[in-house]
Amino acid sequence: MLNRIVKAKYKTMETSLISQEELLLEFENKINAEQKIEPLDWMPDEYRNHLIRQMSQHAHSEVIGMQPEGNWITRAPSLRSKKILLAKIQDEGGHGLYLYSAAETLGVSRDQYIQWLHEGKAKYASVFNYPALTWADMGAIGWLVDGAAITNQVSLQRTSYGPYSRAMVRICKEESFHQRQGYEIMWKMMEGTKDQQEMAQDALNRWWWPALMMFGPHDSDSPRTSNAMKWKIKRETNDHLRQKFINKTIPQAELIGLKIPDSNVVKLSDENYQTSDINWDEFWKVVNGNGPCNEQRLAHHIKYHNEGAWVRESASISNPK
Ligand code: 3HC
């Protein structure tokens, strides 16, 4: 599984006199000193495997996330909105590229990551297992899904793994355009006809909770959060990031006349809100493959990955390893 360069580095490591304890101490000192861990640095297998899962699932999310929006390119209501949507979707493909490239530095090939996805051994953000039913969904996805992703990704810019951190810096620059274009769609619809206002509210009703689920389980229920925080892979916990997103998004909804689909929203103080808890049965049902679109999303990815094999083969002929 480790690529040639990492093996060579390990080879020298095995013959060196440094003990595992000293290597672990050096790793921990780097983490505590806010130094980035780079691909050829020694790292505990648990750290590497944690990153292999999280970074590849992040990359899968970017690419699978292109599907719900891709369905609306031909139905965009104007040339301007079509151009914006096209640009956004192309960005997401690029985000997947950065993240797969960063994930490959951990010594696992892209083909292996894709195989794990196709075998159901890797996940992607559950939010993409919901259908995009109207044009207002393009607004809700950009505003809420990309808004939630930004909240998470801005924090991930400070992650301890160098390639992941650098990928996040580039991605965050583009993600803010995604959130703004989505919010603009919702804003315009709320200034439109009654039907358009109802369509926007319906989209918010359907995307609000799946967007909150993007931040993962409660910290107390997350098997990985403690290690993620110990190794500074994450700099803020799932619940902290989720609350940040809620506090930012509720005033945005109210500004344009949209109503958060939660009758228990209480404003505790300026930009601090209490909301109902997530329906965790639905969360785990969708995460574990039983959401409205799980099968369709994966089948689509497998179909077009296989149909695109000729591109990869011709690219590898012109660029032998
Ligand atoms: N969707 C799908 N699976 C999820 C999930 C979610 N929202 N939340 C948790 N899970 C899965 C985990 O992957 C894990 O499964 P595994 O054991 O097979 O890996 C299991 O549920 C247990 O969850 P954990 O307690 O391990 O979850 P974490 O504490 O790691 O939090 C996470 C999950 C929030 C997704 C975290 O991994 C993370 O922050 N990842 C990086 C950010 C990311 O992936 N964002 C994707 C957003 S989509 C995107 O950016 C596209 C843009 O265009 C909008």
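One structure accompanies this document, and this report is about it.

Scoring rules and cut-offs
Residues numbered from 1 in each chain as written. Predicted model: local features only at pLDDT ≥ 70, side-chain atom pairs only at ≥ 80, totals over all residues. Heavy atoms only, no water. Salt bridge = Lys/Arg side-chain N within 4 Å of Asp/Glu carboxyl O. Helix = DSSP H or I, 4+ residues; strand = E, 2+ residues; numbered from the N terminus. Buried < 20%, exposed > 50% of the residue type's maximum accessible area, 1.4 Å probe, protein only. Near = heavy atom within 4 Å. Polar contact = N/O pair within 3.5 Å; in protein donor to acceptor, adjacent residues only side chain to side chain. Areas by Shrake-Rupley, 256 points an atom, 1.4 Å probe, with all protein chains shown as cover.

Below, the discussion takes up the pattern of salt bridges. A complete count under the given rule lists 19 salt bridges for this structure. For the salt bridge of R170 with E174, the shortest nitrogen-to-oxygen distance reads 3.7 Å. Separated by four residues within a single helix, R170 and E174 lie in helix 8 (residues 162-190), roughly one turn from each other. When its relative accessible area of 17% is taken as the criterion, E174 is described as buried. In this structure, K244 and E236 form a salt bridge, with 2.7 Å as the shortest nitrogen-oxygen distance. Look at K244 and you get partly exposed, because its relative accessible area is 40%. Looking at E236, the relative accessible area reads 11%, which means it is buried. Linked through salt bridges whose partners overlap, the residues forming this network are E69, K88, E92 and D146.

Take the site of the ligand next. Close to the ligand lie 34 residues; R53, Q57, K123, S222 and R224 are nearest. Within the side chain of N152, an N or O atom sits 3.1 Å from an oxygen atom of the ligand. Take R224: an N or O atom from its side chain is 2.8 Å from an oxygen atom of the ligand. If the ligand stood free it would expose 1000 Å²; the protein chains cover 91% of that surface.

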